[in-house]
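# Results of the structural survey
Take a look at the letters that make up each chain.
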Amino acid sequence: MIPVRDDLRALEGYHSPQVDVRVRLNTNESPLAPPTAWRDALAAEMSRVEWHRYPDRQAIGLRQAIADFHGVSADMVFAANGSNEVLQTILLTYAGAGRSVATFEPTYQMHAQIARVVGSTVVAGERDADFSIDPAEMQRVVESARPHVTFLTSPNNPTGLVEPAERIEQLLQLSSGLVVADEAYAQFANWSALSMLDEQRPLVITRTFSKTWSMAGVRLGYVIGPTWFIGELDKVVLPYHLDTAKQIAGRLALRFVDEMDDRVRLIVAERERLSAALSEMPIDVTPSGANFVLFRPRVVSGRALWQGLLDRSVLVRDCSGWPRLADCLRVTIGTPDENEAFLTAVADVLAEQGDHHEP
Ligand SMILES: *Cc1c(COP(=O)(O)O)cnc(C)c1O
C-alpha cells in the first residue's frame, strides 16, 4: 500500500448502508416510479441516438429546458451528474487548497466531505438545539473564517428545517464569498430562494432530479446562478461529463411537471400525516419542509428503535451516532402503505421495548 495525500488520511467516506428490506425509507428517494409516458418517450429517443458520437458538450437542450422551467436564461444553468457533482465542481472552482468553506451543523455531510477532498479548510458553525441558525452564530462564523463558500441547505438535511429568507439575506450581507443554497428538497417546502437570484450577487441555488423527479437512478442535478459564475464552472468541469442518455432523460422529465407536482402533493400530505402520528407517540418530531422527518424517541434509545424497525424489515436512516443528533432517526416519506407499515412498526417497537423502561 502507498499512502494517500496527508490531508485525506482522516477522511471516513460516505456511509449509507443498502440493506435488503421490505420497506426502505432511508435515502430520501421518491417512493414512486417516474410516469410511464416518460419511460416510453425516453426509450423512443434513445433508439435514435448516434452512440458513436460524443454528447452535446454544453447540454444545450437540457439547459434550455431547465431554464424554461424556472423562467431564467440558459446561461444561468449548469447541469452535472447529480447535484453532488455540481457541488464538487463549485468547490473545485471557488474553494480548494488555501480556501475555507463554512457549513452549519448538523447538515448534509457531503458539503464538508467534498470540501475536504478538494483540499479546503472546513469551518463548522453550530445550530441551536432546535436546529435553527442563530444570526449571532452566523456572524461569528463568517467574520472569523471569511469563507470563500458558505452552504445553507433549505430544507436542511437531515433536520427538514426550511431556512427563512432573512437568514440567506443576512448571509449575503455578511459574506463576501459565494453563498450556495442547496435546495435538493425545495419542491416539498413552501418557499425557495430562487426569487432572490441576482446577477449582481454571489448567490447560487442547487437542485436535483434525485428526490422530487423520481430519478435517483439517472444521477442528474443542476445549479442556477449568475452568468459569470456558470461560465467559470464550464471551464473547470471535465469535457463531455454529461452523457447523452442523461441529457435526454432530464429534458424529457421536464415535460411531466404536472405528474411531478401530483407526487409532491401526495408526499407532503403523507409527511403531515406521519408527523402528526409520530407526535402522538412518546417521540420528539422536528417540523419538516422536505420528503423526510427527523425524530427522536423519548422512551428507548434511537439505536434500539432503529434495530427494532430493521427486525420488522423497515429501514430508516440511523443518525443516532452522528454528532449533535444523539438518538435521532430520519424516515423518508414513502407510499401510504409503506408509511403505515413504518408507523405500525414504530408503535410495536415502543410497546415492546418501552415496557422495560416503566418503573
Ligand atoms: C440528496 C441530496 C443531494 C444529492 O443529490 P444528488 O443529485 O443525488 O447527487 C444534495 N444535497 C442534499 C441536501 C441532499 O439531501
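Residues numbered from 1 in each chain as written. Predicted model: local features only at pLDDT ≥ 70, side-chain atom pairs only at ≥ 80, totals over all residues. Heavy atoms only, no water.

This paragraph deals with the nonpolar core. Counting residues in hydrophobic clusters, the biggest one holds 75 residues, and the most contacted among them are Trp 38, Phe 209, Leu 278, Leu 309, Val 316, Phe 342 and Val 346. For this core, the element with the most residues is helix 11 (residues 336–354), which contributes six residues. Each of domain 1 (6–32 + 258–356) and domain 2 (36–255) accounts for three or more of the residues forming this core. Once you skip the residues sitting within four places of it in the chain, Val 346 turns out to touch Leu 278, Met 281, Ile 283, Leu 305 and Leu 309. Counting residues in each nonpolar core, the second largest holds 26 residues, with Tyr 94, Ala 112, Phe 151 and Val 204 among its members. (Core = buried A, V, L, I, M, F, W, Y, C linked by side-chain atoms within 4.5 Å. Buried < 20%, exposed > 50% of the residue type's maximum accessible area, 1.4 Å probe, protein only. Helix = DSSP H or I, 4+ residues; strand = E, 2+ residues; numbered from the N terminus. Domains from an automatic or database assignment. Contact = heavy atoms within 4.5 Å.)

Two aromatic rings are characterised by how far apart their centres lie and by the angle between their planes. Per the counting criterion, the structure on display carries seven aromatic pairs. Here Tyr 54 and Tyr 240 contribute two aromatic rings whose centre-to-centre distance is 4.2 Å and whose plane-to-plane angle is 15 degrees, an arrangement assigned as stacked. Separated by 186 residues along the polypeptide, Tyr 54 in the loop between helix 1 (36–46) and helix 2 (60–70) and Tyr 240 in the loop between helix 7 (227–236) and helix 8 (244–253) bring together distant segments of the chain. In this structure Tyr 240 comes out as partly exposed when scored by relative accessible area, which is 34%. Three or more aromatic residues joined by ring pairs make a cluster, and in this case those are Phe 69, Phe 209, Trp 213 and Tyr 222. Above the ring of Phe 292, the side-chain terminus of Arg 330 is found at 5.5 Å from the ring centroid. (Phe/Tyr/Trp six-rings, centres within 6.5 Å; stacked < 30°, edge-to-face > 60°. Lys NZ or Arg CZ within 6 Å of the ring centre and 35° of its normal.)

Let us now look at the sheet that holds strand 10 (residues 292–297). One open sheet accounts for five strands, arranged 1-11-12-10-9; its pairing is mixed. Edge positions in the sheet fall to strand 1 (23–25) and strand 9 (283–285), since each of these pairs with one other strand and no more. Each strand of the sheet is rotated relative to its neighbour by a mean of 35 degrees, with strand direction disregarded. Contacting strand 10, strand 11 (314–318) and strand 12 (329–332), helix 10 (residues 302–311) crosses the sheet at an angle of about 155 degrees to strand 11. (Pairing = 2+ DSSP bridges. Axes fitted to C-alpha atoms, helices over the stretch in contact; angles between N-to-C directions.)

A separate point is the domain arrangement of the protein. Segmentation of the protein into domains returns domain 1 (6–32 + 258–356) and domain 2 (36–255). Taking only C-alpha atoms, the centre of domain 1 and the centre of domain 2 are 25 Å apart. In this complex, domain 1 contributes 30 residues to the contact, which on the side of domain 2 involves 30 residues. The junction of domain 1 with domain 2 conceals about 2400 Å² of combined surface from both sides, 64% of it contributed by carbon and sulfur atoms. Here domain 1 is connected to domain 2 by one salt bridge. In this structure, Glu 126 engages Arg 324 in a salt bridge whose closest nitrogen and oxygen atoms are separated by 2.6 Å. Linking domain 1 to domain 2 there are eight residue pairs in polar contact (both at pLDDT 80 or more). Of all the elements in the fold, those that place two or more residues in the side of domain 1 that touches domain 2 are helix 9 (257–279) and strand 10. (Buried area = accessible area lost by both parts, 1.4 Å probe. Salt bridge = Lys/Arg side-chain N within 4 Å of Asp/Glu carboxyl O. Polar contact = N/O pair within 3.5 Å; in protein donor to acceptor, adjacent residues only side chain to side chain.)

Our focus in this paragraph is the pairing of strand 6 (residues 178–182). Extensive coverage of strand 6 is indicated by the burial of five of its five residues. In strand 6, alternate side chains face the same way, and those of Leu 178, Val 180 and Asp 182 on one face and Val 179 and Ala 181 on the other are all buried. A crossover connection joins strand 5 (residues 149–153) to the parallel strand 6 through helix 6 (residues 165–174); in handedness this β-α-β unit is right-handed. Where strand 6 meets strand 7 (residues 203–208), four bridges bridge the pair, whose relative direction is parallel. The residue of strand 7 that forms the bridge with Val 180 is Val 204. (Right-handed = clockwise from strand over helix to strand, strands pointing away.)

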